[in-house]
Amino acid sequence: MDDNKILNVLNNYIKNPKMQYAILIDGDWGSGKTYFIKNNFVKDNKNIVYIPLNGIKNREEIDKKIYYKIIENNIPNNITKSKGIKLLKKTGGAIFSITNELIKNVFKIDISGIKNINGSEIISLFKNISDYILVFDDLERCEMPINEILGYINDYVEHRNVKCIIVANEQEINKINYDDNYELKVLSCLKDDIDYGEKQENSTHYNLNNKNTKKVDISKIKNRVLNMYEGNKKYKAIKEKLIGITIKYIPDIEKVYDQLIIEYKNQNEELYGFLKENKQSCIDILKLNNCSNIRTMIFILDRFEILYNEINNINIDKKGTIINLVFRNVIFSSVGIKKGIDKNQGGYQEYKENNNGY
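**Digging into the overall build of the protein chain**
Now for step 1: A tally of helices and strands in the protein chain yields 18 helices and five strands.
Now for step 2: If you take every contact in the protein chain between residues at least 6 apart in sequence, the share linking residues at least 24 apart comes to 70%.

**What to know about the packing of helix H1 (residues 3-15) against helix H2 (residues 33-42)**
Geometry of a packed helix pair, given as the angle between the helix axes and the separation of the axes.
Now for step 1: Packing of H1 against H2 leaves a shortest axis separation of 11 Å and a crossing angle of 60 degrees. Relative to H2, the element H1 lies oblique. Considering how the two elements wind past one another, H1 and H2 form a crossing that is right-handed. Every residue of H2 that contacts H1 at Asp3, Ile6, Leu7, Leu10, Asn11 and Ile14 is listed here: Phe36, Ile37, Asn40 and Phe41.

**Side note on the nonpolar core**
Now for step 1: Formed by 31 residues in total, the largest nonpolar core has its most connected members in Ile62, Leu139, Ile149 and Ile166.
Now for step 2: It is helix H7 (residues 146-159) that contributes the most residues to this core, seven residues altogether.
Now for step 3: Beyond its immediate chain neighbours, meaning those up to four positions away, Ile62 contacts Ile51, Leu53, Ile56, Phe136, Met144, Ile149 and Tyr152.

**Let's talk about the environment of Leu10**
Now for step 1: Examined against the element boundaries, Leu10 turns out to sit in helix H1.
Now for step 2: The exposure class of Leu10 is buried, given its relative accessible area of 0%.
Now for step 3: Expressed as a C-alpha distance, the spacing of Leu10 and Phe41, which sit 31 residues apart in the sequence, is 8.5 Å.
Now for step 4: If we skip the residues at most four places from it in the chain, Leu10 touches Ile23, Ile25, Ile37, Phe41 and Ile165.

**As for the sheet that holds strand E4 (residues 163-168)**
Now for step 1: Strand order across the open sheet formed by five strands is E2-E3-E4-E1-E5, with parallel pairing between neighbours. Edge positions in the open sheet fall to strand E2 (48-52) and strand E5 (243-248), since each of these has one partner strand only. Strand after strand, the sheet turns through a mean of 20 degrees between neighbouring axes, direction not considered.
Now for step 2: Sheet topology note: the strand E1 (residues 22-26)/E4 ladder contains four bridges and is parallel. Residue pairing in the sheet places Ile25 in a bridge with Val167 of E4.
Now for step 3: Packed onto the sheet, H2 meets E1, E2, strand E3 (133-137) and E4 and runs at close to 160 degrees relative to E2.

**Considerations on a nonpolar patch on the surface**
Now for step 1: Residues Ile314, Ile316 and Ile322 make up a contiguous nonpolar surface patch of about 210 Å² in total accessible area.
Now for step 2: With respect to the helices and strands, Ile322 occurs in helix H17 (residues 319-338).

**Structural notes on the packing of aromatic side chains**
Now for step 1: According to the stated counting rule, one finds nine aromatic pairs in the structure shown.
Now for step 2: Ring plane angle 80 degrees and centroid distance 5.4 Å describe the contact between Phe274 and Phe327, whose orientation is recorded as edge-to-face. Residue Phe274 is located in helix H14 (residues 269-277), and its partner Phe327 is located in helix H17; the two are separated by 53 residues in the primary sequence.
Now for step 3: Note on Phe274: relative accessible area 11%, which makes it buried.
Now for step 4: Measuring from centroid to centroid gives 4.7 Å for Phe304 and Phe327, while their planes differ by 55 degrees, and the two rings are tilted. Of this pair, Phe304 sits in helix H16 (residues 294-312) while Phe327 sits in helix H17, placing them 23 residues apart in sequence.
Now for step 5: Among the residues examined, Phe304 registers a relative accessible area of 1% and is labelled buried.
Now for step 6: Put simply, the rings of Phe274, Phe304, Tyr308 and Phe327 touch in pairs and so form one group of aromatic residues.

**Section: helix H15 (residues 279-288)**
Now for step 1: Three or more residues of H15 are buried, namely Lys279, Ser281, Cys282, Ile283, Ile285 and Leu286.
Now for step 2: Of the surrounding secondary structure, the elements contacted by the buried residues of H15 are helix H12 (253-261), H14, H16 and H17.
Now for step 3: Looking at the residues trailing H15, positive phi occurs at Asn290, about 55 degrees.

**Overview of the pairing of E2**
Now for step 1: Most of E2 sits out of view: four of its five residues are buried.
Now for step 2: Across five bridges, E2 lies against E3 in parallel orientation. Bridge pairing in E3 links Ile48 to Ile133.

**Structural notes on the pattern of salt bridges**
Now for step 1: In this structure the tally under the stated criterion is 11 salt bridges.
Now for step 2: Across the pair Lys248 and Asp28 runs a salt bridge, and its minimum N-O distance is 3.6 Å. A residue pair is termed long-range when its members are at least 10 positions apart, and Lys248 in strand E5 and Asp28 in the loop between E1 and H2 qualify at 220 residues.
Now for step 3: The class for Lys248 is partly exposed, based on a relative accessible area of 40%.
Now for step 4: Take Asp28: its relative accessible area is 38%, and that puts it in the partly exposed class.
Now for step 5: Among the salt bridges present, the one from Asp138 reaches Arg141, with a minimum N-O distance of 3.0 Å.
Now for step 6: Residues joined by salt bridges that share partners form a network here, namely Asp26, Asp28 and Lys248.

What counts and how
Residues numbered from 1 in each chain as written. Predicted model: local features only at pLDDT ≥ 70, side-chain atom pairs only at ≥ 80, totals over all residues. Heavy atoms only, no water. Helix = DSSP H or I, 4+ residues; strand = E, 2+ residues; numbered from the N terminus. Contact = heavy atoms within 4.5 Å. Axes fitted to C-alpha atoms, helices over the stretch in contact; angles between N-to-C directions. Parallel < 35°, antiparallel > 145°, perpendicular 65-115°, else oblique. Left-handed = near helix turned anticlockwise from the far one by under 90°. Core = buried A, V, L, I, M, F, W, Y, C linked by side-chain atoms within 4.5 Å. Buried < 20%, exposed > 50% of the residue type's maximum accessible area, 1.4 Å probe, protein only. Pairing = 2+ DSSP bridges. Patch = residues over 30% accessible without salt bridge, like charges linked within 9 Å, V, L, I, M, F, W, Y side chains within 5 Å. Areas by Shrake-Rupley, 256 points an atom, 1.4 Å probe, with all protein chains shown as cover. Salt bridge = Lys/Arg side-chain N within 4 Å of Asp/Glu carboxyl O. Phe/Tyr/Trp six-rings, centres within 6.5 Å; stacked < 30°, edge-to-face > 60°.

All we've got here are geometric facts, nothing functional implied.
The structure is reproduced here in structure tokens:
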């Protein structure tokens, strides 16, 4: 599903009152899903409240973020944004008379007689919270228990009729608490009387009662642990109730490539011309290696820019051919580095051979 189709789904969801559930945009780390949602969906829309969940420890922190963002989005022209934000920062977790003028201007609510009120209570004073669309990003990095944060979001969806969009790496959600008691998990996966869902091969099957049987290798143990313990049951149970549509976000790497190299147009026009001319070569190698990670693409361009400038300063024959070879090898080696391939252990050579020798 391309970016425009995703935007159509989100806009239809917002407009349709019958869709009383949340939408999940699932994407790998570095896929650009946050960039997409912030720059193509949130933009300057005052009714969309973008909430990053990274490091959030409790509901009160989220309440405060929502409260701050709604006021920030609605600060009128007669109050400068910098002044409004400065006032907000002074209040901390409570709202005092210092912000009364701001609240009155934005929401027509007089809180001068209220001595102490928290973010959650302020939100309840808004004339209609369902006018806003809440976007919760980085769900997997939230420090609240997964069932608690999803329960919090569900309260907005089910009881306050608020449209909610969740942006997350679902694969990482399934690994939450995965490292807890890892040693015991490994020991449990050495047992021979459990069906691990793997092909049973007598030559490699580990049997505690048979010393002549070969030991299972480390990679197989890791796979067994994954099969038995990966997957957050609480998340899956709540997700079924809360999330109605899951969208897998996969970036259009050709479009991303064009966006990334445009900065070189003014900085280094010759380099920009080379990158533009060799776009397809880069895209083909990335697709060959199943790589759509934007951070990896940025890493490639940064590394190549340094080498390109160095080679251009050297007086050598066949400079164009050398630059082409360097570009291709930078792409392959960068993808290998980001995938964790260790060239010192022979993995890099195998990686190169598996990619037609480049």
